[in-house]
Amino acid sequence: MTSRDVSLTREVRWKVTARAGDSETGRLLRWEFDTEDEAFAMVKRLLAADAGGRWRKQPDRPPQQA
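Now for a look at the structure at hand. Since the structure is predicted, the reported quantities are computational estimates derived from the model, not experimental observations.

Applying the stated rule across the entire model yields two salt bridges. Between Glu32 and Arg13 there is a salt bridge, with its nearest N and O atoms 3.2 Å apart. With a gap of 19 residues between them, Glu32 in strand 2 (residues 27–33) and Arg13 in the segment before strand 1 (14–20) connect regions that are remote in the sequence. Residue Glu32 is classed as partly exposed on the basis of its relative accessible area of 45%. In this structure, Asp34 engages Arg13 in a salt bridge whose closest nitrogen and oxygen atoms are separated by 2.2 Å. One end of the pair, Asp34, is in the loop between strand 2 and helix 1 (36–48); the other, Arg13, is in the segment before strand 1, with 21 residues separating them in the sequence. The exposure class assigned to Asp34 is exposed, which follows from its relative accessible area of 53%. Each member of the salt-bridge network shares a partner with another, and the members are Arg13, Glu32 and Asp34.

Alignment of strand 1 against strand 2, held across seven bridges, turns out to be antiparallel. Note that in strand 2 the partner of Arg19 across the bridge is Leu28. Taking the residues between adjacent antiparallel strands as the criterion, strand 1 and strand 2 are bridged by six residues, where Gly21 takes a positive phi near 100°.

The end-to-end C-alpha distance of helix 1 is 18 Å, a good match for the 18 Å that 13 residues give at a rise of 1.5 Å each. Residues of helix 1 that are buried in the fold lie against strand 1 and strand 2.

Conventions and cut-offs
Residues numbered from 1 in each chain as written. Predicted model: local features only at pLDDT ≥ 70, side-chain atom pairs only at ≥ 80, totals over all residues. Heavy atoms only, no water. Salt bridge = Lys/Arg side-chain N within 4 Å of Asp/Glu carboxyl O. Helix = DSSP H or I, 4+ residues; strand = E, 2+ residues; numbered from the N terminus. Buried < 20%, exposed > 50% of the residue type's maximum accessible area, 1.4 Å probe, protein only. Pairing = 2+ DSSP bridges. Expected span 1.5 Å × (residues − 1). Contact = heavy atoms within 4.5 Å.

Written out as structure tokens, the structure is:
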């Protein structure tokens, strides 16, 4: 008899991801925050930073369904 596991979790964390460069050679930076305000503050800092390039808004992606 094989076992089957089912779990349901809810995580309320805000994640900010920033990539500089292309997908193969670029640098990927990630942060996690407990509040939406903290996450938006990081986004604003990234957008305001003079890092020799410009951040682009990525299209919104609908949640993936399994």
